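In case you want the letters, here they are:
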Amino acid sequence: MSCVTNKSINKANTIVLLSRLSGLFNGVISQSGSPLAEWALDRNPWESAQYMAGRLGCPTDTSQNLVNCMRTLSWEEIVEEQSLSQEEAYANLDLGLATVTPTIEPDLAGAFIAEDPQTLMETGDIPDVPLMLGTTLHEGSYVLAELWLAKLGPENLTDDAEWLREQMIPSLLKTFGVTEGPGSSAVSQSVSLAYLSGSLRNNWDDLMPGLVDVSFIGSFLYINLKPRSKMPILCST
Amino acid sequence: MKAPILKTTELLSKRLSNIYLYSFEQHSANSLWWLFFLGEGIPIEHGITHADDLLYLFAMPGLPSADDNLFSRYVCEMWTNFAGHGSV
């Protein structure tokens, strides 16, 4: 029996691995992740590589220069910088996962994942082995906690009734990649109605259980609305 | 986190003959939340958070209750049955 276990963002792609490693596995257990979550893939890998290389003082003019420089660094330096970058990302309402998630590569020799995971699931060469997958009940509560540590806590936003009422839900949705257009609040209003209708919208203690629920549905909105491009989602009424 | 998994299940259930979907809902005083965030004073009811399923499958920090240990035996049995026979 083989076992592939790692952090969810990559575990999310264990299912995709199936199509590449046909014959090596007799079954798959995939806990807390799916490659269909938009955050599980980096759709702009060159920008992400340049961003992280730049933070580490490496050149970003060509991929060869970038790679040559990154290879001189220790893994500890890279992991530490990634960790810092992720903390900053939460403060800017972003999960900060782009630099560590798998990418869809051009279909060249040696490419590992060269097709959109949804296409692979629908029409790819997937061996018919048993699959078990699922989640914990409140998966997203830790995302809300990271957001609290990076932004809500330091800026005392949980005591700011107006911010909670007006900005909390749009901010949480933005963290999952859903950005509403200027003057539009259709998505945040719908989410609020569905998950917070019995709560005082300006009171953290009252809001919090509903926000935990919103956190685990967060990426649902993303996968259903996101266009297949590098543009952010602009939801309009 | 959940909807992409439902969608994955929906897509793959058309192509795989043996597929299981679970929701992990075992309440416990133990949680990996405390490993991630102990002492941070975060005002959030964490519930059964990301990775809490691992408490019952691997040696993890915490003081398991009798219920936790019993549930761990169920989970390990289901997971090993699946690994060995493709069914829980």
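Throughout this document, residue positions are counted from 1 along each chain, in the order its sequence is written. Chain letters start at A and ligand numbers start at 1, both assigned in the order the entries are written. Only residues with pLDDT of at least 70 get local features here, since the model is predicted, and only at 80 or more are side-chain atom pairs given and counted; chain-wide, interface and lining totals rely on the full set of residues.

## Considerations on the overall build of chain A
Phase 1: Within chain A, the secondary structure is distributed over 11 helices and 4 strands.
Phase 2: For chain A, the residues scored as buried account for 34% of the 237 residues in total.
Phase 3: Excluding contacts between residues fewer than 6 apart, the proportion of contacts in chain A whose partners are at least 24 apart in sequence is 62%. Put simply, DSSP marks the helices as runs of H or I at least four residues long and the strands as runs of E at least two long, and each gets a number from the N terminus on. Working definition of burial: number of other C-beta atoms within 10 Å of the residue's own, with buried at 20 or more, exposed at 12 or fewer, and partly exposed in between, all C-beta atoms being placed from the backbone. Residues are defined as contacting one another if the C-beta atoms placed from their backbone atoms lie within 7 Å.

## Here we look at the overall build of chain B
Phase 1: Summing up its helical and strand segments, chain B has 3 helices and 1 strand in all.
Phase 2: Reading the secondary structure of chain B in the N-to-C direction produces α-β-α-α.
Phase 3: The C-alpha radius of gyration computed for chain B amounts to 16 Å, which surpasses the reference 12 Å derived for 88 residues by more than 25%, pointing to a less compact arrangement than a globule.
Phase 4: With the principal axes as the frame, chain B shows a C-alpha extent of 45 × 30 × 15 Å.
Phase 5: For chain B, buried positions account for 26% of its 88 residues. C-alpha atoms define the radius of gyration, and 2.2 Å times the number of residues to the power 0.38 defines the globule rule.

## Considerations on the interface of chain A and chain B
Phase 1: Between chain A and chain B, the residue contacts involve 40 residues of the former and 41 residues of the latter.
Phase 2: Of all elements in the fold, only β1 (28–31), α6 (117–123), β2 (131–136), α7 (141–152) and α11 (204–225) of chain A reach the threshold of two or more residues within the side of chain A that touches chain B.
Phase 3: Of the residues forming the side of chain A that touches chain B, the biggest block, 9 residues, is contributed by α11 of chain A.

## Some words on helix α1 (residues 2–13) of chain B
Phase 1: Given the number of residues in a helix, its expected span is that number minus one, multiplied by 1.5 Å. Relative to the 16 Å expected for 12 residues at 1.5 Å per residue, α1 of chain B spans 16 Å between its end C-alpha atoms, a close match to the ideal helical length.
Phase 2: Residues K2, A3, P4, I5 and T8 of chain B constitute the buried set of α1 of chain B.

## Some words on the nonpolar core
Phase 1: In terms of nonpolar packing, the biggest core is built from 30 residues, with L144, A145, L147, W148 and L173 of chain A touching the most fellow members.
Phase 2: Elements with a minimum of two residues in this core: α7, α9 (168–175), α10 (186–196) and α11 of chain A together with α2 (33–37) of chain B.
Phase 3: For this core, the element with the most residues is α7 of chain A, which contributes 8 residues.
Phase 4: Each nonpolar core reported here comprises buried Ala, Val, Leu, Ile, Met, Phe, Trp, Tyr and Cys residues connected via C-beta atoms within 7 Å. Counting residues in each nonpolar core, the second largest holds 7 residues, with L36, W39, A40 and I104 of chain A among its members.

## Looking at the confidence of the model for chain B
In regions of low pLDDT, the predicted coordinates are not meant to be interpreted in detail.
Phase 1: Each residue carries a pLDDT value, the predictor's own confidence for that position, ranging from 0 to 100. Averaged over every residue, the pLDDT of chain B is 91; residues scoring 70 or more account for 99%.
Phase 2: Mean pLDDT in chain B bottoms out at α1 of chain B, which sits at 88, and peaks at helix α3 (residues 66–85) of chain B, which reaches 95.

## Some thoughts on the sheet that holds strand β1 (residues 19–24) of chain B
Phase 1: With parallel pairing, the 3 strands of this open sheet are ordered in space as β1(A)-β2(A)-β1(B). Strands with a single pairing partner mark the edges of an open sheet, and in this sheet they are β1 of chain A together with β1 of chain B. Adjacent strand axes in the sheet meet at a mean angle of 15 degrees, parallel and antiparallel pairs treated alike.
Phase 2: Two strands pair under a simple rule: DSSP has to find at least two bridges between them. Pairing between β1 of chain A and β2 of chain A: 4 bridges, direction parallel. For V28 of chain A, the partnering residue across the bridge sits in β2 of chain A and is L131 of chain A.
Phase 3: α1 of chain B contacts β2 of chain A together with β1 of chain B of the sheet and is inclined by roughly 165 degrees relative to β2 of chain A. Between the N-to-C directions of two axes lies an angle of 0 to 180 degrees, each axis being a line fitted to C-alpha atoms and, for a helix, fitted only over the stretch in contact.

## So, the pairing of β2 of chain A
Phase 1: The element β2 of chain A is largely enclosed, with a buried count of 5 among its 6 residues.
Phase 2: In this structure, β2 of chain A lies alongside β1 of chain B, joined through 6 bridges in parallel fashion. Pairing of L133 of chain A across the sheet is with L21 of chain B, part of β1 of chain B.

## Some words on the packing of α9 of chain A against α10 of chain A
The angle between the axes and the distance between the axes are what describe a pair of packed helices.
Residues and elements named next belong to chain A.
Phase 1: Interhelical geometry of α9 versus α10 gives an angle of 105 degrees and a closest axis separation of 9 Å. In terms of their interaxial angle, α9 and α10 are classed as roughly perpendicular. Listed contacts from α10 to I169, P170 and L173 of α9 are V187, S188, V191 and S192.
Phase 2: Counted by class, the contact of α9 with α10 contains 5 nonpolar, 2 polar and no charged residues. Under this scheme an angle from 65 to 115 degrees is roughly perpendicular, one under 35 degrees roughly parallel, and one over 145 degrees roughly antiparallel; angles in between are oblique. Residues are sorted three ways: Asp, Glu, Lys and Arg are charged, Ala, Val, Leu, Ile, Met, Phe, Trp, Tyr, Cys and Pro are nonpolar, and all the rest, Gly among them, are polar.

## Regarding unusual backbone geometry
Phase 1: Positive phi, close to 60 degrees, is recorded for L93 of chain A, a residue that is not glycine.
Phase 2: The topology assignment puts L93 of chain A in the loop between α5 (75–91) and α6.

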